[in-house]
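Structural features, examined
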Amino acid sequence: MLYDEQDILRSMDKIELFYPSASITVLDLHLWNEIGRLKQKLITQFADCNTKIISPKNCQSIEMYFNSKKMEKTIGRVAEKTPEVGETVSGLLVKKAFTYQIMALDDLHVFSQLSTTNISQRITIAFTGAFGVLKHRLKQIFESVESLPDEESEGRAFGVHERLTVKYESEKHISLHWRLDPISDMV
């Protein structure tokens, strides 16, 4: 197929019609002479614009970078209330293919194939000191250290920030119990 002057003008009309502020035009150069004329006309036509005209050889790879705005959809319980301007929306951001969705943790299994689980951790530590002294020292470090009722350890257990439980196991051991999450891991 040969390109004549009319083909070049039609091509330029289409590019001008859909012309964005910055564009990249890729030309197939298996017909060097005809496409070469089109490339020169395009370079002349769009010289003052932010346009790149690329004419790669056959089987030459081309890398193009696109900046795009990402939009997230709120679904489930998060979408029940329309937020005010400036109000923070909290939830899980789930990416599937090229879409982003914000949902509540409880809605995760409903709107995706993902699931959640709770992991409880426990560590037993050798400790021969007085349990009351340990509680006192932890109160000096943390704001919230509260006694917890525990039948197994005869009332000798306390919680730290309602996230970590310290239990008296024996005269030589204490145990720490917590749920796995980033905040509990910091305590």
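Reference entry: report on the structure contained in this document. These numbers were taken from a predicted model, which means no experiment stands behind them.

The subject of this paragraph is the environment of Glu87. Mapping Glu87 onto the fold places it in the loop between strand S3 (72–74) and strand S4 (92–96). Look at Glu87 and you get partly exposed, because its relative accessible area is 35%. For Glu87, the side chain forms a polar contact with the side chain of Lys81, separated by 2.8 Å.

With 11 residues, the main nonpolar core is built from Phe131, Leu134, Leu138, Val145, Phe158, Val160, Leu164, Val166, Ile174, Leu176 and Trp178. Contact partners of Leu164, with chain neighbours within four places excluded, come to Phe158, Gly159, Leu176, His177, Trp178 and Val187.

Each aromatic ring pair is summarised here by two numbers: the centre-to-centre distance and the angle between the ring planes. Under the counting rule described, the total for this entry stands at 2 aromatic pairs. A ring pair is formed by Phe131 and Phe158, whose centres lie 5.2 Å apart and whose planes are at 45°; its orientation type is tilted. Placement of the pair is Phe131 in helix H4 (residues 131–141) and Phe158 in strand S8 (residues 157–160), with a sequence separation of 27 residues. Using a relative accessible area of 7% as the deciding quantity, one classes Phe131 as buried. Arranged with centres 5.6 Å apart and planes meeting at 65°, the rings of Phe131 and Tyr168 form a pair that is edge-to-face. On the criterion of sequence distance, the pair formed by Phe131 in helix H4 and Tyr168 in strand S9 (residues 164–170) is long-range, its members being 37 residues apart. Cluster of aromatic residues (ring-pair linked, three or more members): Phe131, Phe158 and Tyr168. Over the ring of Tyr168 we find Arg156; its NZ or CZ atom is 4.1 Å from the centre of that ring.

This next bit is on the sheet that holds strand S5 (residues 99–103). Judged by pairing direction, the sheet is mixed, and its 3 strands sit side by side in the order S3-S5-S4 without closing on themselves. For this open sheet the edge positions go to S3 and S4, each flanked by a neighbour on one side alone. Pairwise comparison of adjacent strand axes, ignoring direction, gives a mean angle of 30° for this sheet. With 5 bridges connecting them, S4 and S5 associate as antiparallel partners. When the sheet's bridge partners are listed, Val94 is paired in S5 with Gln101.

Rules used throughout
- Residues numbered from 1 in each chain as written.
- Predicted model: local features only at pLDDT ≥ 70, side-chain atom pairs only at ≥ 80, totals over all residues.
- Heavy atoms only, no water.
- Helix = DSSP H or I, 4+ residues; strand = E, 2+ residues; numbered from the N terminus.
- Buried < 20%, exposed > 50% of the residue type's maximum accessible area, 1.4 Å probe, protein only.
- Polar contact = N/O pair within 3.5 Å; in protein donor to acceptor, adjacent residues only side chain to side chain.
- Core = buried A, V, L, I, M, F, W, Y, C linked by side-chain atoms within 4.5 Å.
- Contact = heavy atoms within 4.5 Å.
- Phe/Tyr/Trp six-rings, centres within 6.5 Å; stacked < 30°, edge-to-face > 60°.
- Lys NZ or Arg CZ within 6 Å of the ring centre and 35° of its normal.
- Pairing = 2+ DSSP bridges.
- Axes fitted to C-alpha atoms, helices over the stretch in contact; angles between N-to-C directions.

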